[in-house]
Amino acid sequence: MPPSRLPAHHRYRAWLRRLQQRLSLRNRLVLSHVMVLLLALLAMAAISALIEVWLGFDDIEGDVVLQIGLLFGVAAAFPASVALSRFLLRPLDRVRAATRRLAEGHYDDVLELPSEPGLAALVEDVNTLAAALADTQRRRARLISEVAHEMRTPITLLRGQIEGVADGIFVPDEAMFASLADDLHRLQRLAGDLSSLSRSEEAAFDLHREPTDVATLARATADRLRPQYDDQVVTLAVDASTPVGAFCDPDRITQILVNLLGNALAASHQRGHVALSVHTEPPPGRHVIVRVTDDGIGIAPHDLERIFHRFERLEPPGRPSAAGGSGIGLTIARGIARAHGGDITAQSAGPGKGATFTLRLPQERAAGGGTPPLSR
């Protein structure tokens, strides 16, 4: 039906809705004040005219007329202000209702953005909050599922081995106890990794910072892992001869280095090469740069960020992932780096073309304003 054929009250309500959509919150507030004031003045004028003209009370003093008019004006302004406040607060009531639904766990409700810019920004923030809460809920459910999956395998093996010993199927010899100890160690390591993961996601690492030579840490970590590299016939080259000072937690940084070098070894082919370098960022930067580069299996572009997600493992075709890994080592390493105010990033030209992991740590100044002294 054309708008011109609609009943008058329908046309008026449609016009009122369009007006509400176009008015900003500030304009609504101003309009409500003006309308309440006008209604009060009109009520005062009407009562004064009624007393003096229509009722013929010409002998009543002007002050009395004014007082009576004021009384009726206030009486008229009060219901008008109540009605206009509902008109003013109706959009905010919708936002309040949405936040209550968020508190009840309904994270998928999306509010329609109003036309008023200021209120639209508020509604957009509420929608963003709802999306973040929904994502947190999904991640929590996924974490529980992933933890259960990670623990199921060693627990199943332990149960099978113990039941086998109890039934006389397995002989309780040294090899059996060594296998049980390996499974228990895997569970213990998973529990420790989950504890570190929790601190990482809550940014609650307990850091014991001190002036540290990161180059010395890198050389010591490389020497510690070199026998494993030799066993797999992988060359490990270290470029960390120049002292590089930083104010950091040496144990946590060593944990990062062990993870990066261990991942590089796992990704390398036999007779491959891994390079570890430590240097300072060129001026005016004030960061320590640690790079671990390998020529191994490489990383696809879409996986460069995914590998830092918890329980994510890369399994290239024809090459299984390293046994015993929990899939949260890089997640923890990045959490430690960010707790120091730094970060870890990954670069790769693609599968089969190697990868480079870069650790950036802020090189904070000492209290006297100079470079942090190096620990020896």
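Residues numbered from 1 in each chain as written. Predicted model: local features only at pLDDT ≥ 70, side-chain atom pairs only at ≥ 80, totals over all residues. Heavy atoms only, no water.

1. Notes on the pairing of strand S7 (residues 355-362)
Phase 1: Within S7, 7 of the 8 residues are buried, leaving the element largely enclosed by the surrounding structure.
Phase 2: Both strand S5 (residues 287-294) and S7 contribute to a ladder of 8 bridges, which runs antiparallel. Bridge pairing links isoleucine 289 to arginine 360 in S7.
Phase 3: Bridge count for strand S6 (residues 343-347) against S7 is 5 bridges, and the pairing is antiparallel. Within S7, the residue paired with threonine 345 across the bridge is threonine 358. (Buried < 20%, exposed > 50% of the residue type's maximum accessible area, 1.4 Å probe, protein only. Helix = DSSP H or I, 4+ residues; strand = E, 2+ residues; numbered from the N terminus. Pairing = 2+ DSSP bridges.)

2. Some points on the packing of helix H7 (residues 250-267) against helix H8 (residues 329-339)
Phase 1: Two elements in contact, H7 and H8, have axes separated by 9 Å at closest approach and are oriented at 145 degrees. Where H7 crosses over H8, the handedness of that crossing is left-handed. For the pair H7 and H8, contact is made by Arg252, Gln255, Ile256, Asn259, Leu260 and Asn263 and by Gly329, Leu330, Ile332, Ala333, Ile336 and Ala337, respectively.
Phase 2: Its residues assigned to classes, the contact of H7 with H8 comprises 7 nonpolar, 4 polar and 1 charged. (Axes fitted to C-alpha atoms, helices over the stretch in contact; angles between N-to-C directions. Left-handed = near helix turned anticlockwise from the far one by under 90°. Contact = heavy atoms within 4.5 Å. Nonpolar A, V, L, I, M, F, W, Y, C, P; charged D, E, K, R; others polar.)

3. A few points about the sheet that holds strand S2 (residues 235-239)
Phase 1: A sheet is described by the order of its strands in space; here 5 strands give the open sequence S2-S4-S5-S7-S6, paired in mixed fashion. The open sheet terminates on both sides in strands that have one partner only, identified here as S2 and S6. Neighbouring strand axes in the sheet, compared pairwise and without regard to direction, differ in orientation by 15 degrees on average.
Phase 2: Packing against the sheet, H7 makes contact with S2, strand S4 (273-280), S5, S6 and S7, and its axis sits at approximately 20 degrees to S5.

4. Concerning the pattern of salt bridges
Phase 1: On inspection of all chains with the given rule, the structure shows 7 salt bridges.
Phase 2: Between glutamate 163 and arginine 159 there is a salt bridge; the shortest N-O distance is 3.0 Å. Taken together, the residues span about one helical turn, with glutamate 163 and arginine 159 both in helix H4 (residues 117-166) at a distance of 4 residues.
Phase 3: Residue aspartate 303 pairs with arginine 306 through a salt bridge whose shortest N-O separation is 2.7 Å.
Phase 4: Exposure remark for aspartate 303: the relative accessible area of 10% places this residue in the buried category.
Phase 5: Arginine 306 gets classed as partly exposed once you look at its relative accessible area, which sits at 25%. (Salt bridge = Lys/Arg side-chain N within 4 Å of Asp/Glu carboxyl O.)

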